[in-house]
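Fold and contact review
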Amino acid sequence: MHLLTEDLLGMSEVPPLLQKRVNVSTVWRWANRGIKGNKLETIKLGGKTLTSQQALTRFIETTA
């Protein structure tokens, strides 16, 4: 996992990237439970949970 070298996003920043087709609670579910055994990669930094644009792309590619 190389999230620190990628373009970090807050969890609430993900839905606008997907044209608001998902709710932020769905993003949290992807990170905690995952889909088809794949979880959205996250990192905790300064008390915030973050992901990255690249991690989101990897997650979508592996679950599609």
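Residues numbered from 1 in each chain as written. Predicted model: local features only at pLDDT ≥ 70, side-chain atom pairs only at ≥ 80, totals over all residues. Heavy atoms only, no water.

1. Quick word on helix 2 (residues 24-32)
Count 3.6 residues to each turn of an α-helix, and residues three or four apart come out pointing the same way. Burial in helix 2 covers these residues: Thr26, Val27, Trp30 and Ala31. One face of helix 2 carries all of its buried residues, which in axial projection span an arc of 145 degrees. Buried residues along helix 2 sit against helix 1 (14-17) and helix 3 (53-63). Taking the backbone nitrogen of Ser25 as reference, a side-chain oxygen 3.0 Å away marks Asn23 as the first, capping residue of helix 2. (Buried < 20%, exposed > 50% of the residue type's maximum accessible area, 1.4 Å probe, protein only. Helix = DSSP H or I, 4+ residues; strand = E, 2+ residues; numbered from the N terminus. Arc of directions from axis to C-beta. Contact = heavy atoms within 4.5 Å. Polar contact = N/O pair within 3.5 Å; in protein donor to acceptor, adjacent residues only side chain to side chain.)

2. Quick look at the confidence of the model for the protein
The pLDDT averaged across the protein works out to 92; a share of 98% of its residues lies at or above 70. Mean pLDDT across the secondary structure elements of the protein bottoms out at strand 2 (residues 43-45), with 92, and peaks at helix 2, with 96. (pLDDT = per-residue confidence, 0-100.)

3. As for unusual backbone geometry
In the Ramachandran plot, Lys36 falls in the positive-phi region, its phi being about 50 degrees despite a non-glycine side chain. Look at Lys36 and you get exposed, because its relative accessible area is 63%.

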